[in-house]
Amino acid sequence: MAMPPTDRTPRLLSRGSWPEARRIGDILRAETVGGMLLLAAAVIALVWANSPWSEGYRQISDLEVGPAGLHLDLSLAQWAADGLLAIFFFVAGLELKREFVAGDLREPRRAVLPVAAALGGMTVPAVIYTIFNARAGDGALAGWAIPTATDIAFALAVLGVINTHLPAAMRTFLLTLAVVDDLLAIVIIAVFYTGSLHFGPLLLALVPLAAFGVLVQRRVRSWWLLLPLAVVTWALVHASGVHATVAGVALAFTVPVLRRKPGPGPGLAEHFEHRFRPLSAGVAVPVFAFFAAGVSIAGAGGLGATLTDSVAVGVLVGLVVGKAVGVFGATWLVQRFSRARLAEGIDWWDVFGLALLAGVGFTVSLLIGELAFGAGSERDDHTKIGVLLGSVIAALLATVVLRVRNRHYRRLCTIEERDSDADGVPDVYQERPGLA
């Protein structure tokens, strides 16, 4: 039964403001296209790596380019993981900062749910992986963080393929959960997957980072000033032993979100995000997927040998079961202890579908697998197969669950898009003052 209009019970997964919904819609469209490219790149890599011409794929991946004197003579696969993914994390950092400074998540009551869901969705898979590998030995526990990541581009590609019309609140929740997930992942990479730390280059990296920060705080947008400082920061972080993608997040956090003078138009963070998101979604992530997903199943001993390895099983179960339990359980706990209710039109079946979809882990999971076991090792190959299988199974299960409610989602989307007075703002965002 619907509650009366005067009801002040807190609502979870409620519709946010119109400007935020419009902005997130633009982001999701870009990420959906990027997700399609990611899927295509991964499929091409898998087919090539398991074809009679697989040696050509390995030669391209291992081809070294870059100045040896600066210790940047990296293989193309390493450039994709260390260099291109720094762009991905730069964009994720911009999005996260904007959400908490100027977005709907600046309100604690809205932020608590995606943050709690992200934490639950990382903790439970890590515990499951640890249970499967507690007695495995031979460094198997090093991969505990592999099943903790959600790949928003891959997840959105799944939604695009199955043609599911999620309402705005569900799409916003999924995006925000994935962004928080990315930030936590980069913290894990920096803290737990830094092999040898060299303080000299790390301290030197603060100089170009600070210069970059001063310029952007003064709203300087000149690429010929900012790009060299960003590249030097990245190179010094890389030389320090900390994974170079950390530089992307550090640079993003220096960028101001709000305009210096109030008025229409995007702030600098949103400006950079518009510039770099197409590069991240359309180039950086698909190219990384191409080099990271090309695992030879025969070279890994076949599916039979892979699925007897506790590492692969821990990754697979962590993604499929751990993510679903973690995200769904955290959402239920927030509802239980805050005495909130789900927003009108959303029920627990929808939350379960999103929790399953969060188990689509790809980009960051593959990256952590390489850091944990070494690129090209047998364990890394097993990890890749576990990530791929787990992501596909999670996507299929989410498809089944969400398709059941697709007619309902279409009806909600129709209501959300209705604009009776043709003023450019849907009617539902004008029903509550201050949200248009």
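Residues numbered from 1 in each chain as written. Predicted model: local features only at pLDDT ≥ 70, side-chain atom pairs only at ≥ 80, totals over all residues. Heavy atoms only, no water.

Enquirer: So, the overall build of the protein: which residues are in play, and what are the values?
Expert: Across its full length, the protein holds 16 helices and four strands. In terms of C-alpha radius of gyration, the protein reaches 22 Å, essentially the compact-globule figure of 22 Å for 436 residues. With respect to the three principal axes, the spread of C-alpha positions in the protein is 65 × 55 × 40 Å. Relative to its 436 residues, the protein shows a buried fraction of 53%. In the protein, of all internal contacts separated by at least 6 residues, the share reaching a separation of at least 24 is 81%. Surface accessibility of the protein: about 19500 Å² in total, with carbon and sulfur atoms responsible for 66%. Averaging the positions of the 35 positive and the 34 negative side-chain charges in the protein gives two centres separated by 9 Å. (Helix = DSSP H or I, 4+ residues; strand = E, 2+ residues; numbered from the N terminus. Rg over C-alpha atoms; globule rule 2.2 N^0.38 Å. Buried < 20%, exposed > 50% of the residue type's maximum accessible area, 1.4 Å probe, protein only. Contact = heavy atoms within 4.5 Å. Areas by Shrake-Rupley, 256 points an atom, 1.4 Å probe, with all protein chains shown as cover. Lys, Arg positive; Asp, Glu negative; His and termini not counted. Charge placed at Lys NZ, Arg CZ, Asp CG, Glu CD.)

Enquirer: Could you give me a rundown of the packing of helix α3 (residues 76–101) against helix α10 (residues 268–292), with the residues and numbers involved?
Expert: With their axes 8 Å apart at the nearest point, α3 and α10 run at an angle of 145° to one another. Handedness of the α3/α10 crossing: left-handed. Split by residue class, the contact of α3 with α10 holds 20 nonpolar, one polar and five charged. (Axes fitted to C-alpha atoms, helices over the stretch in contact; angles between N-to-C directions. Left-handed = near helix turned anticlockwise from the far one by under 90°. Nonpolar A, V, L, I, M, F, W, Y, C, P; charged D, E, K, R; others polar.)

Enquirer: Which residues make up helix α8 (residues 223–240), and what values go with them?
Expert: Think of an α-helix as turning once every 3.6 residues; residues three or four places apart then point the same way. Between its terminal C-alpha atoms α8 stretches 25 Å, which fits the 26 Å expected from 18 residues at 1.5 Å a residue. Among the residues of α8, those classed as buried are Leu226, Ala230, Thr233, Trp234, Leu236, Val237, His238 and Ser240. (Expected span 1.5 Å × (residues − 1).)

Enquirer: How would you summarise the packing of aromatic side chains if you had to cite specific residues and measurements?
Expert: What the rule picks out here adds up to 13 aromatic pairs. Plain terms: the ring middles of Trp48 and Phe290 are 6.1 Å apart, the flat faces sit at 50° to each other, and that makes the pair tilted. Linking Trp48 in helix α1 (residues 18–49) with Phe290 in helix α10, this pair joins segments that are 242 residues apart in sequence. Overall, Trp48 belongs to the partly exposed group, its relative accessible area being 27%. The exposure class of Phe290 is buried, given its relative accessible area of 17%. Where Phe290 meets Phe291, the ring centres are 5.1 Å apart and the plane angle is 75°; that geometry is what we call edge-to-face. Aromatic rings pair up to connect Trp48, Tyr57, Phe290 and Phe291 into one cluster. (Phe/Tyr/Trp six-rings, centres within 6.5 Å; stacked < 30°, edge-to-face > 60°.)

Enquirer: Explain the confidence of the model for the protein residue by residue, including any values.
Expert: When pLDDT is averaged along the protein, the result is 87, and 94% of the positions lie at 70 or above. Within the model, the stretch residues 1–6 combines pLDDT values under 50 with three contacts to residues more than four positions away or in other chains. Here residues 432–436 is a poorly scored stretch, pLDDT under 50, and it has 12 contacts once near neighbours within four places are set aside; other chains count. (pLDDT = per-residue confidence, 0-100.)

Enquirer: Residue-level account of helix α14 (residues 363–373), with values.
Expert: Among the 11 residues that make up α14, 10 are buried, leaving the element largely enclosed by the rest of the structure. Among all positions of α14, only Thr363, Val364, Ser365, Leu366, Leu367, Ile368, Gly369, Glu370, Ala372 and Phe373 are buried.

Enquirer: How would you explain the side chain of Glu273 if you had to name every residue and give the values?
Expert: Tracing the sequence through the fold places Glu273 in helix α10. Residue Glu273 is classed as buried on the basis of its relative accessible area of 2%. There is a polar contact of 2.8 Å between the side chain of Glu273 and the side chain of Arg277. (Polar contact = N/O pair within 3.5 Å; in protein donor to acceptor, adjacent residues only side chain to side chain.)

Enquirer: Would you mind going over the pattern of salt bridges in detail, with residue names and values included?
Expert: A full pass over the atoms with the stated rule returns 10 salt bridges. Among the salt bridges present, the one from Arg379 reaches Asp138, with a minimum N-O distance of 3.9 Å. Here the residue Arg379 occupies a position in helix α15 (residues 378–404), and Asp138 occupies one in the loop between α4 (108–133) and α5 (152–162), the gap between them amounting to 241 residues. Assessed through its relative accessible area of 18%, Arg379 is described here as buried. When the shortest N-O distance is used, the salt bridge between Asp181 and Lys323 registers 2.8 Å. Here Asp181 is found in helix α6 (residues 168–192), whereas its partner Lys323 is found in helix α12 (residues 310–338), with 142 residues between them in sequence. Lys323 shares its class with Asp181; the two are buried. Beyond isolated ion pairs, a larger network of salt bridges with shared partners links Glu95, Glu273 and Arg277. (Salt bridge = Lys/Arg side-chain N within 4 Å of Asp/Glu carboxyl O.)

Enquirer: Residues and numbers for the nonpolar core, please.
Expert: The biggest cluster of nonpolar side chains holds 91 residues, and the ones touching the most others in it are Phe173, Phe288, Leu357 and Phe362. With 12 residues, α6 is the single largest residue contributor to this core. (Core = buried A, V, L, I, M, F, W, Y, C linked by side-chain atoms within 4.5 Å.)

Enquirer: Tell me about unusual backbone geometry, and name the residues and values.
Expert: Its identity is not glycine, yet Arg219 carries a phi of approximately 65°, on the positive side. Along the polypeptide, Arg219 turns up in the loop between α7 (199–217) and α8. Given the relative accessible area of 28%, Arg219 is considered partly exposed. Within the chain, Arg339 stands out as a residue other than glycine whose phi angle is a positive 60°. The residue Arg339 is located in the loop between α12 and β4 (341–342) in this model.

Enquirer: Got a sec to walk through a nonpolar patch on the surface? Specific residues and values, please.
Expert: On the surface, Trp223, Trp224, Leu225, Leu227 and Val231 cluster together into a nonpolar patch covering about 560 Å² of accessible area. Judged by its relative accessible area of 61%, Trp223 is exposed. (Patch = residues over 30% accessible without salt bridge, like charges linked within 9 Å, V, L, I, M, F, W, Y side chains within 5 Å.)

Enquirer: Explain the environment of Gly326 to me, using residue names and the numbers behind them.
Expert: By the secondary structure assignment, Gly326 is in helix α12. In this structure Gly326 comes out as buried when scored by relative accessible area, which is 3%. Along the chain, Gly326 and Gly121 lie 205 residues apart, while their C-alpha atoms are 4.2 Å from each other.

Enquirer: An account of the environment of Val101 is requested, with residue identities and associated values reported.
Expert: One can find Val101 in helix α3. Sequence-wise, Val101 and Val257 are 156 residues apart; in three dimensions their C-alpha atoms are separated by 6.9 Å. Beyond its immediate chain neighbours, meaning those up to four positions away, Val101 contacts Arg106, Val257 and Leu258.

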